[in-house]
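Listed below, chain by chain, are the residues.
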Amino acid sequence: MQAWAKDQKVGLSLLQLMGDPAGELTKALDMELNHPGPQGKGLFGRCKRHAIYAVNGEIKAIQIAEKEDDPAGDEFPEATLADTMLEVIEKVKNSS
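First things first, this report covers the structure right here in the doc. None of the values given here were measured: they were computed from a predicted structure. (Residues numbered from 1 in each chain as written. Predicted model: local features only at pLDDT ≥ 70, side-chain atom pairs only at ≥ 80, totals over all residues. Heavy atoms only, no water.)

1. Concerning the side chain of Thr 80
Among the structural elements, Thr 80 can be located in the loop between β2 (58-64) and α4 (82-95). Sequence-distant contacts of Thr 80, defined by excluding residues within four places in its chain, comprise Arg 49, His 50, Ala 51, Gln 63, Ile 64, Ala 65 and Met 85. (Helix = DSSP H or I, 4+ residues; strand = E, 2+ residues; numbered from the N terminus. Contact = heavy atoms within 4.5 Å.)

This is how it looks when you write it as structure tokens:
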């Protein structure tokens, strides 16, 4: 994850990249991708593409890039991209 963060020039930002090699968080969040398409290509235990906004360990919002014709969210990741998440965070903050 550190190499990916470096490649993406994350540096010391508010963004935190985290791995889940054993799938523990993926399963706890019910984010395991169980669609036959990716599994048919040997991708078992893959996590759905998602973004989480959390404050002090409390999840405030979750965005999932998943559509019926794109279960992995690879073709339409917009729901989890930075611009969308910034809008989501603003809405959460304004509703508090």
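Alright, that's what it looks like, and here's the rest.
2. Concerning the nonpolar core
Grouped together as the largest cluster of nonpolar side chains are 7 residues: Ala 51, Tyr 53, Ala 61, Met 85, Val 88, Ile 89 and Val 92. Looking at this core, the elements with two or more residues in it are β1 (50-55) and α4. (Core = buried A, V, L, I, M, F, W, Y, C linked by side-chain atoms within 4.5 Å. Buried < 20%, exposed > 50% of the residue type's maximum accessible area, 1.4 Å probe, protein only.)

3. Observations concerning α4
Spanning 14 residues, α4 covers 20 Å between terminal C-alpha atoms, matching the ideal 20 Å at 1.5 Å per step. Turning to α4, its buried residues number three or more, namely Met 85, Val 88, Ile 89 and Val 92. Taken around the axis of α4, the buried residues stretch over an arc of 100 degrees, which confines them to a single face. Within α4, the exposed residues directed more than 90 degrees away from the buried face are Asp 83, Leu 86, Lys 91 and Asn 94. (Expected span 1.5 Å × (residues − 1). Arc of directions from axis to C-beta.)

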